[in-house]
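# An overview of the molecular structure
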Amino acid sequence: METTVRTRFPPTSGNSTKGDGALQKAATRAHAAVKRVAGAANEAARKAKPVIDRAAKFAHDAVDEAADVAAPTAEWLGEQRESLMATPKKLVDSTCKYVAANPLKSVALALVAGLLIGRIAR
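Residues numbered from 1 in each chain as written. Predicted model: local features only at pLDDT ≥ 70, side-chain atom pairs only at ≥ 80, totals over all residues. Heavy atoms only, no water.

### Topic: the overall build of the protein chain
The helix and strand inventory of the protein chain stands at three helices and zero strands. For the protein chain, the α and β elements follow one another from N to C terminus as α-α-α. Going through the 122 residues of the protein chain one by one, you find that 1% of them count as buried. Surface exposure of the protein chain reaches about 11400 Å², of which carbon and sulfur atoms provide 66%. (Helix = DSSP H or I, 4+ residues; strand = E, 2+ residues; numbered from the N terminus. Buried < 20%, exposed > 50% of the residue type's maximum accessible area, 1.4 Å probe, protein only. Areas by Shrake-Rupley, 256 points an atom, 1.4 Å probe, with all protein chains shown as cover.)

### Focus: helix α2 (residues 81–101)
Compared with the 30 Å implied by 1.5 Å per residue over 21 residues, the 31 Å span of α2 between its first and last C-alpha is a close match. Where α2 bends most, the angle comes to about 35 degrees, and this point is Thr87, followed within four residues by the proline Pro88. (Expected span 1.5 Å × (residues − 1). Bend = angle between axes of the 7 residues up to and from the residue.)

### A look at a nonpolar patch on the surface
A surface patch of nonpolar side chains, about 300 Å² in accessible area, is lined by Trp76, Leu77 and Leu84. Looking at the element boundaries, Trp76 is found in helix α1 (residues 18–79). Overall, the relative accessible area of 46% leaves Trp76 in the partly exposed class. (Patch = residues over 30% accessible without salt bridge, like charges linked within 9 Å, V, L, I, M, F, W, Y side chains within 5 Å. Salt bridge = Lys/Arg side-chain N within 4 Å of Asp/Glu carboxyl O.)

### Quick look at the pattern of salt bridges
Pairs can form between side chains of opposite charge whenever their charged atoms are close. The final tally for this structure, using the stated rule, is six salt bridges. The partner of Arg46 in a salt bridge is Glu43, with the nearest N and O atoms 2.4 Å apart. Taken together, the positions of Arg46 and Glu43, both in helix α1 and three residues apart, correspond to about one turn of that helix. Here Lys89 ties to Asp93 by a salt bridge, and the two come within 3.5 Å at their closest N and O atoms. Within this pair, Lys89 and its partner Asp93 are both found in helix α2, separated by four residues, close to a single helical turn. Judged by its relative accessible area of 57%, Lys89 falls in the exposed class.

### Remarks on the packing of α2 against helix α3 (residues 103–121)
Contact pair α2 / α3: the axes reach a minimum separation of 5 Å and the direction vectors enclose 110 degrees. Looking at the two axes, α2 sits roughly perpendicular to α3. Contacts from Tyr98, Val99, Ala100 and Ala101 of α2 reach α3 at Pro103, Lys105, Ser106 and Leu109. Residues of the contact of α2 with α3, tallied by class, amount to six nonpolar, one polar and one charged. (Axes fitted to C-alpha atoms, helices over the stretch in contact; angles between N-to-C directions. Parallel < 35°, antiparallel > 145°, perpendicular 65-115°, else oblique. Contact = heavy atoms within 4.5 Å. Nonpolar A, V, L, I, M, F, W, Y, C, P; charged D, E, K, R; others polar.)

### Concerning the confidence of the model for the protein chain
In this model, the protein chain carries a mean pLDDT of 86, and residues with pLDDT of at least 70 account for 84%. When the elements of the protein chain are averaged for pLDDT, α1 gives the smallest value, 90, and α3 the largest, 94. (pLDDT = per-residue confidence, 0-100.)

### Overview of α3
Given 3.6 residues to a turn, an α-helix orients residues that are three or four positions apart in the same direction. A rise of 1.5 Å per residue sets the reference length of α3, with its 19 residues, at 27 Å; its end C-alpha atoms lie 27 Å apart and thus fit the reference within 8%. Of all 19 residues in α3, one are buried, a share of ten percent or less.

Rendered as structure tokens:
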């Protein structure tokens, strides 16, 4: 079985022409330029790695510290959940008891509060 390879460039016979030498020179220069760019990119990545590692460590430490600070508050809120949920109900109940015990005083306070809010809102 025979394989045929096709390229964009015409096949060269034993005798070299001026164009082939120029093409070879250009290819060599292009290859050298690519190697220089790749080397520069590798060097930049090598230099950037410690900086990136420090930034990642700093961010990780900051998150750990924030979690350490927030943990006691979250724990306290979890423990106080029932009493915090009951607080609005307690306030309403105590207000109802006060109004029932002092109806005239409650109406007078509501009237004064309404007048003050009306003046401020103007």
